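# Coordinate analysis (summary)
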Amino acid sequence: MATVHLRIGDLVWGKLGRYPPWPGKIVSPPKDLKKPRGKKCHFVKFFGTEDHAWIKVEQLKPYHAHKEEMIKINKGKRFQQAVDAVEDFLKKAKGKEQNSDGKGDLKGKKTPNKPLKILEEDDEDLSALKDPSEKPASSMEPISKRLKIVEEDTGSTSIQAADSTAINGSITPTDKRIGFLGLGLMGSGIVSNLLKMGHVVTVWNRTAEKCDLFIQEGARLGRTPAEVASMCDITFSCVSDPKAARDLVLGPSGVLQGIRPGKCYIEMSTVDPETITELSQVITSRGGRFLEAPVAGSQQLSNDGMLVILAAGDRTVYEDCSSCFQAMGKSSFFLGEAGNAARMMLILNMVQGSFMATIAEGLTLAQATGQSQQTFLDILCQGQMASTFVDQKCQNILQGNFKPDYYLKHIQKDLRLAISMGDMANHPTPMAAAANEVYKRAKALDQSDNDISAVYRAYIH
């Protein structure tokens, strides 16, 4: 098969990570954004999103030649909107070309026989494809200038990146040695992005086979949590629940055995504030530095480097992890003393879990009363509750696809911990309590290892 030569301005299908191909356009990268060394790739702006990324040549296909093939692969609503935007743009560009036939270009040369030229990022016609608040790629500034620092009334700090993917490509990785413990749904995406952005990472996982892929990508292997903590300057952990988090630190060959004065430990697991307090105390008792940094998001957002990081504890550790947080997330918040991030994370997941249960209830009630579930979803996505979360989870339900993006058993755990936190604060949580019962029912139906959207099955059995 002949090699397809692509150039700036070409419309393409670009495949990023594990996700289906998405329509994009090859554009000129910002001057401060260097091309990855040793790789043949193009800088692509993806339509219908805020994403820019370097994409390997082998992951790119011409738009027109593969349009029908790609449309068969992806039926999502956001995908269709992106394709529609490309088609609208092409119509406008074609019309502009026809109107200029016979008039020549700025130098007086006629151009009717030239192939269609796709405009650069700052051309007016491209505005239809972009979010009004989005900055064009050509205006991207160095990362130090594009970080927005906001001091809130609570004394917390938010570091927000305007376009995480674009910024991620230009970050300078810390020279500190990074350790990472736990390669589950969230941890795998985080480690992958740390490696892509040039960090030196040592990994460990309870199931050792999961480390193999990352070793191939350049990670180093740690034999035990203690060894990783001993070898590395900063060690992250991302595991399933409070017990797993404690065992990783306090168990045989645990992190605590590798902690020395100045070593940093960052707990990214979603756990209760009491667990965070205990871990913080034992780490600092050995001269270590502690930060909690649970993440809001899903497997997809983890893979995309678009998580939201909630941090609390040692502020200097938070600052030392700047390049790591930029690699794994679109924004990070510093919330003060250790325990605050756990509290905020549980509240967020309580709301998300309760909302998902309510959406599933609505879908089943629509079916029970003879209404079209698809029509219910279409109407929902046109109103004030429209979101990517609603669209994706409802589409999963309608397609019977419950492949985990966030485990059902984990959201039930978070609901339980949030309810307990409410009890300790003497604050009622009746909605969370009701949702928790639905998730418990779903777990009894063997849905624990499915996606949180599988709560739907609790209503149909």
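Heads up: the structure comes first, above all this text.
Residues numbered from 1 in each chain as written. Predicted model: local features only at pLDDT ≥ 70, side-chain atom pairs only at ≥ 80, totals over all residues. Heavy atoms only, no water.

## A few points about the packing of aromatic side chains
Stated formally: Pairing of aromatic side chains requires ring centres within 6.5 Å, counting the rings of Phe and Tyr and the six-membered ring of Trp. Pairs whose planes differ by under 30 degrees are stacked, by over 60 edge-to-face, and all others tilted. Numbering of helices and strands runs from the N terminus, with a helix taken as a DSSP run of H or I at least four residues long and a strand as a DSSP run of E at least two residues long. Relative accessibility decides the category of a residue: with a 1.4 Å probe and only protein chains considered, values under 20% of the type maximum give buried, values over 50% give exposed, and everything between is partly exposed. Lysine and arginine charges are scored as sitting over a ring when NZ or CZ, respectively, is within 6 Å of the ring centre and within 35 degrees of the ring normal.
Here the structure, examined in full by the defined rule, presents 8 aromatic pairs. Each ring, one from Trp13 and one from Tyr63, has its centre 5.0 Å from the other, and the planes form 15°; the classification is stacked. Residue Trp13 is found in strand 1 (residues 11-14), and its partner Tyr63 is found in the loop between strand 5 (60-62) and helix 1 (67-73); the two are separated by 50 residues along the sequence. For Tyr63, a relative accessible area of 1% translates into the label buried. Pairing Tyr265 with Phe290 gives two aromatic rings, centres 6.4 Å apart and planes at 35°, and the pair type is tilted. Here Tyr265, found in strand 12 (residues 264-267), pairs with Phe290, found in strand 13 (residues 289-292); they are 25 residues apart in sequence, far enough to count as distant. Comparing Tyr265 with Phe290 shows no difference in burial state: the two are buried. One aromatic cluster in this structure is built from Phe180, Phe236, Tyr318, Phe325 and Phe334. Against the face of Phe334 rests Arg315, its NZ or CZ located 4.9 Å from the ring centre.

## Side note on helix 14 (residues 373-380)
What counts is decided by this rule: The directions from the helix axis to the C-beta atoms form the arc being described. In this description, contact between two residues means that some pair of their heavy atoms is separated by no more than 4.5 Å. Side-chain atoms alone can form a polar contact between residues adjacent in sequence; in general such a contact is a pair of N or O atoms within 3.5 Å, and within protein one must be able to donate a hydrogen while the other accepts it.
Every buried residue belonging to helix 14 is among Gln373, Leu377 and Leu380, and all of these are buried. Viewed end-on, helix 14 has its buried residues packed into an arc of 65°, placing them on one side of the element. Looking at the packing, one finds that the buried side of helix 14 touches helix 13 (340-368) and helix 15 (388-399). With a side-chain oxygen positioned 3.3 Å from the backbone nitrogen of Gln374, the residue opening helix 14 is Ser372.

## Points about the environment of Ile419
Here Ile419 is to be found in helix 16 (residues 408-424). For Ile419, a relative accessible area of 15% gives the class buried.

## A closer look at the sheet that holds strand 1
Backbone-to-backbone hydrogen bonds pair the strands of a sheet. The strands run either parallel or antiparallel. Where we set the bar: Two strands form a pair only when DSSP identifies at least two bridges running between them. Convention adopted: a line fitted to C-alpha atoms gives each axis, helices being fitted over their contacting stretch, and angles between N-to-C directions are expressed from 0 to 180 degrees.
In spatial order, the strands read 4-3-2-1-5; together these 5 strands make up an open sheet with antiparallel pairing. If you trace the sheet from one side to the other, it starts and ends with strand 4 (52-56) and strand 5, each paired once. Ignoring strand direction, the axes of neighbouring strands in this sheet form an average angle of 45°. Pairing between strand 3 (residues 41-46) and strand 4: 5 bridges, direction antiparallel. What sits directly across from Lys45, in strand 4, is His52.

## Describing the pairing of strand 1
Every second residue of strand 1 is oriented toward a common face, with Leu11 and Trp13 on one face and Val12 and Gly14 on the other, all of them buried. In this structure, strand 1 lies alongside strand 2 (residues 22-26), joined through 4 bridges in antiparallel fashion. If you follow Leu11 over to strand 2, its bridge partner there is Lys25. Here 3 bridges tie strand 1 to strand 5, and the two strands are oriented antiparallel to one another. Pairing of Val12 across the sheet is with Pro62, part of strand 5.

## Structural notes on the pattern of salt bridges
Test applied: Salt-bridge detection follows one rule: a side-chain nitrogen of Lys or Arg within 4 Å of a carboxyl oxygen of Asp or Glu.
Tallying each qualifying case throughout the model produces 13 salt bridges. Here Arg289 and Asp314 are joined by a salt bridge, their closest N and O atoms 3.9 Å apart. Here Arg289 is found in strand 13, whereas its partner Asp314 is found in the loop between strand 15 (307-313) and helix 11 (315-320), with 25 residues between them in sequence. For Asp314, a relative accessible area of 24% corresponds to the partly exposed category. In this structure, Lys440 engages Glu437 in a salt bridge whose closest nitrogen and oxygen atoms are separated by 3.1 Å. Of this pair, Lys440 and Glu437 both sit in helix 17 (residues 430-444), 3 residues apart, roughly one helical turn. Among the residues examined, Lys440 registers a relative accessible area of 38% and is labelled partly exposed. When salt bridges that share partners are traced, they join Arg289, Asp314 and Asp320 into one network.

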